[in-house]
Amino acid sequence: MDDPAAAIKGDREAFARLYRQYARAVFVDLAARLGRREDAEDALQATFLAAWTNLPRLRRPDRFVPWLFRIARNKAKDQARRRRLGLVTLLPADVPAPATAERPDLEAMRALVDGLQPKTRAIVLLRALEGWSAEDVAAVHRLSVATVRRRYAKALEHLRAGLERRFLDEDDIRHRASDRVRL
Amino acid sequence: MRTTSDIELLIASAFSGLEPPVAVEEAIRDGLPAERARPPVRGRPVRAVALVALLAAGAVLVARGRRTEELADEPGVPVALVDFQGTEPGDGWSMNNAHLIEGEDPARGRVLTIDAKGKGRIRRGSPVADWGPYGAVSIFVKVEGNEAVEMRFLAFSGRAALVRRFTLKPGGWRELVLPLKDFRDDTGERVCGFSRIEAFALQWDKGEGAITIDDPRLLPGSARPTAADRLALAFPKGGRSHESEHFVVMSDVKALDLAKVAARLEAGLKVLGDRYGVAGNFEDKAPLYVFRDRKARDDFVERIGEHFAVSIGQPKADGFTVLGMATAFYDAKQGANRPVFVHEAMHAAIHRLLGIASNGNWVQEGLASAVQMQVDPKSRAGAETKKPPWEKLFASETLPSSAYVDAASIFDFLAEQHAAKLPAVWEALRGGKGALHTEGAALIAGALGTDAASLEAEWRAWK
């Protein structure tokens, strides 16, 4: 018996394995939608508790993942209402980002991804961070595979252009400064 | 120039710290409740014996009966009709006599305010086609202004719509829940079910003022009334039901053999399919209510009008079918063999199979009469068509009962002379524009590759 089928029957260990398998992806999706880490944590907890409670009503265990993401989507909406949405970064100050001080390109990338529309942000993070295929993302977001591919490609192009514009600007400033020094 | 892989790598590195904390896993593990949702009951819908038990046991068991209807493959979670937090709330709507204002509400986030007057309407495509696995439409609403607003919610499929009317009083945020079981057909001749909904709309009927909405969604459940729901509305003092494959027969007449009635209805349906080519799946079982007398039936029709917030004229005939529900009353001499039972049940079947309302139009009356006379040749009582001119036959929206045999004759002619093209005929009638009494003949002729005058001449020459 696979884990969703076992969890439907009340196997808590199977449910724990499902959590370990999908919690990160759900969390990434929630964070992308909500824009705030603590909100994503609350919604993640609510999602898995609701999933456990309602699993007996899931008739098709093979549809567990899209079902889980639909619960997550509803919990994200509930959470967004409880706390007003704001434009904030996905990584809080108390979680050290990996060497961003030495990697301005990473810091710039985070700012650019934060600037994406929530749904696009979710697609980008599930694909680039979680390594999900376009088919898997399409299934949980109820989009066509072509739409996911198109949005992802467009978003990557936007990120690339944004990144290069940012560093071109900085290079340009540096060049001008050095010119002045030379002068 | 960075490659796509470079960008993906940068994203992965930038967000590598995005992990759910261990504390969440611990909180979930420790907080899993022992109480869980009840699994759906599999198998066929509630049977008659169970229904009697349900009714006897009262409301709690009726609620269980409803639960058995939640048999959809859809997971039992709500689905957004418009995701206000993920999109611009005002995008994608078409409007008549209404203005949309997007806004932010301190309590609810992104919301949409609609300023409209009587007959104003906003309409939007539905993200979900099959509403069958859902039990209700839910919308959070806030009403500014000084007067109550009478409105309706519509769900569209092709040229048909299902509708529910409601009144909103001025006031702050509240959840408006409209059970799909309480929706009815719109007043047009074309009707639909909940299995292929293309769009939905909010319409202002009376009153004006700004209404702010949020989070329109479908709640899990079932759009189809159960036999218990139907019995409760028709026979509040107690009734029996018998379900066959396509019909549910209900009555409070002890002497009536419900199984025998149902068997005759199934026989009629077979004729409708085999001879006239009207076949397919029902979204729900077609109900036939048999009351003890005319008054009890007429009282029920009045209650239907109140329940569905629609004005229904007093029935004039022994049989009466409205909103896909067939009604008649008992006659001790004829018992289960009463021909009107088959006639009315065929109206309910044609409603479901052809998407044509039973409002006395010639297609409904002609087909139902044709089937009735096949099942009960004696009910013809010697009546033969004199083949009146179609111009006279189709002079009004409602076919007079004296002309049923004429309209039935047209369908017998089609069955015997154009059987191969009957599916095209039914599709033309289902999807065609215009009223059936003015356009029906032309639609049929078009499907047969001819014109109405030629078809009428062919009918006259037949037999």
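Just above, that's the structure.
Computed from a predicted model, the values in this text were never measured in an experiment.

Chemist: Could you clarify how one ought to interpret the overall build of chain A in this entry?
Modeler: Helix and strand content of chain A: eight helices and zero strands. Within chain A, buried positions represent 50% of all 183 residues. In chain A, the proportion of contacts linking residues at least 24 apart, taken out of those at least 6 apart, comes to 64%. By element, 50% of the accessible surface of chain A is carried by carbon and sulfur atoms, the whole surface being about 8800 Å².

Chemist: Help me out: how do you make sense of the nonpolar core in this one?
Modeler: Generally speaking, a soluble globular protein has its nonpolar side chains buried in company with each other. Ranked by internal contacts, the top residues of the largest apolar core, which has 70 residues, are Phe15 and Leu159 of chain A together with Ile11 of chain B. By residue number, the principal contributor to this core is helix α2 (residues 12-34) of chain A, which donates 14 residues. Every residue in contact with phenylalanine 15 of chain A, bar those within four places of it in the chain, is listed here: Ala7, Phe48, Ala51, Trp52 and Leu55 of chain A together with Ile28 and Leu32 of chain B. Counting residues in hydrophobic clusters, the runner-up holds 66 residues, among them Leu353, Trp390, Val425 and Trp459 of chain B.

Chemist: For this particular structure, what's the right way to read empty space enclosed by the protein?
Modeler: Over the atoms rolls a probe the size of a water molecule, and in doing so it shows where empty space is left. All names here are of chain B. Within the structure shown, the criterion is met by two cavities of 30 Å³ or more. Within this model, the second largest cavity holds a volume of roughly 30 Å³. Every residue along the wall of the second largest cavity is listed here: Ile139, Val141, Met151, Phe166, Leu168, Leu176, Leu202, Ile211 and Ile213.

Chemist: When you look at the interface of chain A and chain B in this model, what are you seeing that I'm missing?
Modeler: Think of interface size as the accessible area that goes away when the parts come together; that is how it is often given. With 60 residues of chain A at the contact, the number on the chain B side is 58 residues. Between chain A and chain B lies a buried interface of about 5500 Å² when both sides are counted; carbon and sulfur atoms form 58% of it. Sorting the residues of chain A by area buried against chain B places Arg57, Arg59 and Arg81 of chain A first, and these three jointly supply 16% of that buried surface. Taken together, the links from chain A to chain B amount to two salt bridges. Here glutamate 25 of chain B and arginine 20 of chain A are joined by a salt bridge, their closest N and O atoms 3.4 Å apart. For the interface between chain A and chain B, the tally reads eight residue pairs in polar contact (both at pLDDT 80 or more). Among the secondary structure elements, those contributing two or more residues to the side of chain A that touches chain B are α1 (3-8), α2, α3 (37-54), α4 (64-82), α5 (104-114), α6 (118-129) and α8 (145-182) of chain A. Of the residues forming the side of chain A that touches chain B, the biggest block, ten residues, is contributed by α2 of chain A. Of the residues that constitute the side of chain A that touches chain B, the class distribution is 34 nonpolar, five polar and 21 charged.

Chemist: Is there a simple way to explain unusual backbone geometry in this structure?
Modeler: Residue and element names in this part refer to chain B. The backbone of alanine 309 shows a phi angle near 55°, a positive value even though the residue is not glycine. For alanine 309, the position within the fold is in the loop between α7 (294-307) and β14 (320-322). The class for alanine 309 is partly exposed, based on a relative accessible area of 29%. Its identity as a non-glycine residue notwithstanding, leucine 323 has a phi of 50°, on the positive side. You can see leucine 323 is positioned in the loop between β14 and β15 (325-329). Since its relative accessible area comes to 23%, leucine 323 is described here as partly exposed.

Chemist: Even after reading the chapter, I still don't get the pairing of strand β10 (residues 209-220) of chain B, so can you show me in this structure?
Modeler: Consecutive side chains along a regular strand alternate between the two faces of the sheet. Residue and element names in this part refer to chain B. Of all the twelve residues making up β10, eleven are buried; the element is thus mostly covered by neighbouring parts of the structure. Alignment of strand β1 (residues 79-80) against β10, held across two bridges, turns out to be antiparallel. What sits directly across from alanine 80, in β10, is arginine 217. Both strand β3 (residues 109-125) and β10 contribute to a ladder of five bridges, which runs antiparallel.

The rules behind each value
Residues numbered from 1 in each chain as written. Chains lettered and ligands numbered in written order. Predicted model: local features only at pLDDT ≥ 70, side-chain atom pairs only at ≥ 80, totals over all residues. Heavy atoms only, no water. Helix = DSSP H or I, 4+ residues; strand = E, 2+ residues; numbered from the N terminus. Buried < 20%, exposed > 50% of the residue type's maximum accessible area, 1.4 Å probe, protein only. Contact = heavy atoms within 4.5 Å. Areas by Shrake-Rupley, 256 points an atom, 1.4 Å probe, with all protein chains shown as cover. Core = buried A, V, L, I, M, F, W, Y, C linked by side-chain atoms within 4.5 Å. 1 Å grid on protein atoms, 1.4 Å probe; cavity = no way out; pocket = protein on both sides within 12 Å on 5 of 7 lines; lining within 4 Å. Points joined across faces, edges and corners; volume = space filled by probe spheres on them. Buried area = accessible area lost by both parts, 1.4 Å probe. Salt bridge = Lys/Arg side-chain N within 4 Å of Asp/Glu carboxyl O. Polar contact = N/O pair within 3.5 Å; in protein donor to acceptor, adjacent residues only side chain to side chain. Nonpolar A, V, L, I, M, F, W, Y, C, P; charged D, E, K, R; others polar. Pairing = 2+ DSSP bridges.

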